[in-house]
Amino acid sequence: MDKNKLALHGGKPVRDTFLAYGRQWIDDEDIEAVINTLKSDYLTTGPTILQFEKAVAEFVGAKYAVTFSSGTAALHAACFAAGIKEKDQVITTPMTFAASSNCILYVGGQPVFADIDPRTYNISPKSILTQITEKTKAIIAVDFTGQPADYDEIISIARNSGIIVIADGAHSLGATYKDEKVGSLADMTMFSFHPVKHITTGEGGMITTNNENYYEKLLLFRGHGITRDPQKLSKNNEPWYYEMQDLGYNYRMTDIQAALGLSQMKKLNTFVEKRRGLAMKYNKAFEELDAIITPFQQHDRYSSWHLYIIRINSKKLSTNRNEIFGALQAENIGVNVHYIPVYLHPYYQKLGYKKHLCPNAERIYSEIITLPLYSKMSERDLDDVITGVKKVISYYSIE
Ligand SMILES: *Cc1c(COP(=O)(O)O)cnc(C)c1O
């Protein structure tokens, strides 16, 4: 059989089994940590939560950290702590997972989308400037693929207008911006511990901050808005007395999850190095392919490489992204697309957001493909992806 014949056209796929785009790394040490917690006194609200929070706070160089049941819950809490309310506008990027914008809606705010920088695909500070109004309360920047956003520019825009900066660092745990770790650059930074992210707790999230006021609000929000702190109670009564002072949620992480997270933290540097090494190999392998644009990196940032995204140069190809995507899937390469611009989702369209709002995001969305990338990926897996991409791209290439 012709080995160049695409699996899409009935040829033999590059791989016999499907390769996922991302997945967790769990080893015996992680499993033991979880088992030990199961045998302990606390399954939730116990000491492991504090240990995990401390480990992440120290790693990113932040004073405070608060765990949550998911990254999305953590974003919701950050919007609460930032005091975002009805009619407040919050500027964010459309090139993200819906949660970065949904959290604004949860608290009654209005998401305002700024377009992206066509080189990094991160939110463009220039575009943010055009969206600032009297009602702008916060900016939620996303460190897309793990490359930190333009924090100096974003923070200087915010400082001049009393705006709060929230970083969605779901992709960027372990990344650095001008030698500073993501986690203390913004007023609050969110991390996610979903299994495709750098470290996992199954589901889980965290906010890191240096601001004590935010820290206390985050704690309150995580636990029903209830406090038992004698200094914060409106009256000092019986020892059993507690007060619900705000409308909070049960957004707690369990100690079982925190034990997993704590154990995973020991391997974080290795995980980031592994991802980075794999990404460099992709870069090198695709260097000579005119039809592929590899990820642009700013020289003063060190990406944690959550995602490796290639962009299709349609001028060099006889087809579009969609067919290439299908051809790669047929080769058993688990490609993905990150992301459908948030405001194009039917829910946002119903809210009144119009197509063509962010032309760069929409154009780039139509040209991108996410390749598999995760710390547990073997050299063999990586070679399969490279072989698959080269096979498909050379088939559709035009001179
Ligand atoms: C994963 C992710 C989230 C949400 O995190 P969960 O833990 O899944 O709730 C938010 N923003 C971005 C950019 C993400 O990738």
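None of these values were measured; they are calculated from a predicted model.

A.B. asks: I tried to follow the sheet that holds strand β7 (residues 180-181) on my own but got confused; where do I start?
C.D. replies: The strands making up a sheet associate through hydrogen bonds between their backbones, and the pairing can be parallel or antiparallel. The strand order across the open sheet formed by three strands is β7-β6-β13, and the pairing between neighbours is antiparallel. Among the strands making up the open sheet, the edge pair consists of β7 and β13 (301-302). In this sheet, β13 lies alongside strand β6 (residues 176-177) in antiparallel orientation, the contact comprising two bridges. Note that in β13 the partner of Thr176 across the bridge is Tyr302.

A.B. asks: I tried to follow the packing of aromatic side chains on my own but got confused; where do I start?
C.D. replies: How two aromatic rings sit relative to each other is set out by the distance from centre to centre and by the angle between their planes. Using the criterion set out here, one finds 22 aromatic pairs in the structure. Centre to centre, the rings of Phe80 and Phe221 are 4.5 Å apart; their planes meet at 25 degrees, and the pair counts as stacked. In this pair, Phe80 sits in helix α3 (residues 71-81) while Phe221 sits in helix α7 (residues 212-222), placing the two residues 141 residues apart along the sequence. Residues Phe80 and Phe221 agree in their burial class; the two are buried. Three or more aromatic residues link up through ring pairs in this structure, and these residues are Phe113, Tyr343, Tyr347, Tyr348 and Tyr353. The ring of Phe59 carries Lys181 above its face, with NZ or CZ at 4.4 Å from the centroid. Over the ring of Trp25 we find Lys376; its NZ or CZ atom is 4.7 Å from the centre of that ring.

A.B. asks: Can you walk me through the side chain of Thr201 in this structure?
C.D. replies: Looking at the secondary structure, you find Thr201 in the loop between β8 (188-192) and β9 (205-209). Taking the relative accessible area as the measure of exposure, Thr201 reaches 4% and is therefore buried. Within the structure, Thr201 has its side chain in polar contact with the backbone oxygen of Glu203 (distance 2.7 Å). The contact partners of Thr201, leaving out residues within four places of it in the chain, are Phe52, Phe193, Met253, Gln257, Leu260 and Gly261.

A.B. asks: What am I meant to see in the site of the ligand here?
C.D. replies: Near the ligand there are 16 residues, and of these Gly71, Thr72, Asp168, Ser192 and Lys197 occur at the shortest range. Here His171 contributes a side-chain N or O atom positioned 2.9 Å from an oxygen atom of the ligand. Between the ligand and the protein, one listed contact pairs an oxygen atom with a side-chain N or O atom of Ser192 at 2.7 Å. For the ligand, the accessible surface in isolation is 380 Å², of which the surrounding protein chains cover 93%. Of the pockets mapped on this structure, the ligand occupies the second largest pocket. Elements with a contribution of two residues or more to the shell around the ligand: α3, α4 (99-106) and β8. Of the residues belonging to the shell around the ligand, the class tally is six nonpolar, eight polar and two charged.

A.B. asks: Looking at this model, I keep getting lost on the domain arrangement of the protein. Mind explaining?
C.D. replies: Where interface size is quoted, it is often the accessible area lost as the parts come together. Here the domain parsing of the protein yields domain 1 (28-265) and domain 2 (268-396). On a C-alpha basis, the centres of domain 1 and domain 2 stand 27 Å from each other. Each partner contributes residues to the interface: domain 1 has 40 residues there, and domain 2 has 37 residues. Note on domain 1 versus domain 2: buried area summed over both sides is about 3,400 Å², and carbon and sulfur give 60% of it. For the domain 1 face of the interface with domain 2, the top three residues by lost area are Phe113, Tyr121 and His198, together amounting to 18%.

A.B. asks: What is the right way to read the pattern of salt bridges from this model?
C.D. replies: Once their charged atoms are close, side chains differing in charge can pair, the charge on each being opposite to the other. Going through the model one piece at a time under the given rule, you end up with 22 salt bridges. For the salt bridge of Lys266 with Glu29, the shortest nitrogen-to-oxygen distance reads 3.6 Å. Here Lys266, found in the loop between α8 (255-265) and α9 (268-286), pairs with Glu29, found in helix α1 (residues 28-38); they are 237 residues apart in sequence, far enough to count as distant. Residue Lys266 is classed as exposed on the basis of its relative accessible area of 60%. Its salt-bridge partner being Lys267, residue Glu29 comes within 3.5 Å of it at the nearest N-O pair. Separated by 238 residues along the polypeptide, Glu29 in helix α1 and Lys267 in the loop between α8 and α9 bring together distant segments of the chain. For Glu29, a relative accessible area of 40% gives the class partly exposed.

A.B. asks: Could you clarify how one ought to interpret empty space enclosed by the protein in this entry?
C.D. replies: Rolled over the atoms, a probe sized like a water molecule indicates the empty space that remains. According to the stated counting rule, one finds two cavities of 30 Å³ or more in the structure shown. By volume, the largest cavity is sized at about 70 Å³. Lining the largest cavity, in full, are Arg119, Thr120, Tyr121, Phe144, Thr145, Gln147, Pro295, Phe296, Gln297 and Ile309. For the lining of the largest cavity, the per-class residue count stands at five nonpolar, four polar and one charged. For the lining of the largest cavity, the two domains that each supply at least three residues are domain 1 (28-265) and domain 2 (268-396).

A.B. asks: I'm lost on a nonpolar patch on the surface in this one. Help?
C.D. replies: A contiguous nonpolar surface patch, about 400 Å² in accessible area, is contributed by Ile26, Ile31, Ile35, Leu38 and Leu43. Within the secondary structure, Ile31 is located in helix α1.

A.B. asks: Explain the layout of surface pockets to me, please; I cannot follow it from the model alone.
C.D. replies: As a volume, the largest pocket reaches approximately 620 Å³. Contributing to the lining of the largest pocket are 25 residues, with Leu219, Leu220, Arg222, Ile226 and Thr227 lying nearest its centre. Sorting the residues of the lining of the largest pocket by element identifies α2 (47-60), α7 and β10 (226-227) as the ones contributing at least two each. When residues in the lining of the largest pocket are grouped by element, the largest group, seven residues, is from α7.

What counts, and where the lines are drawn
Residues numbered from 1 in each chain as written. Predicted model: local features only at pLDDT ≥ 70, side-chain atom pairs only at ≥ 80, totals over all residues. Heavy atoms only, no water. Pairing = 2+ DSSP bridges. Helix = DSSP H or I, 4+ residues; strand = E, 2+ residues; numbered from the N terminus. Phe/Tyr/Trp six-rings, centres within 6.5 Å; stacked < 30°, edge-to-face > 60°. Buried < 20%, exposed > 50% of the residue type's maximum accessible area, 1.4 Å probe, protein only. Lys NZ or Arg CZ within 6 Å of the ring centre and 35° of its normal. Polar contact = N/O pair within 3.5 Å; in protein donor to acceptor, adjacent residues only side chain to side chain. Contact = heavy atoms within 4.5 Å. Near = heavy atom within 4 Å. Areas by Shrake-Rupley, 256 points an atom, 1.4 Å probe, with all protein chains shown as cover. 1 Å grid on protein atoms, 1.4 Å probe; cavity = no way out; pocket = protein on both sides within 12 Å on 5 of 7 lines; lining within 4 Å. Sits in = over half its atoms within 2 Å of the grid points. Nonpolar A, V, L, I, M, F, W, Y, C, P; charged D, E, K, R; others polar. Domains from an automatic or database assignment. Buried area = accessible area lost by both parts, 1.4 Å probe. Salt bridge = Lys/Arg side-chain N within 4 Å of Asp/Glu carboxyl O. Points joined across faces, edges and corners; volume = space filled by probe spheres on them. Patch = residues over 30% accessible without salt bridge, like charges linked within 9 Å, V, L, I, M, F, W, Y side chains within 5 Å.

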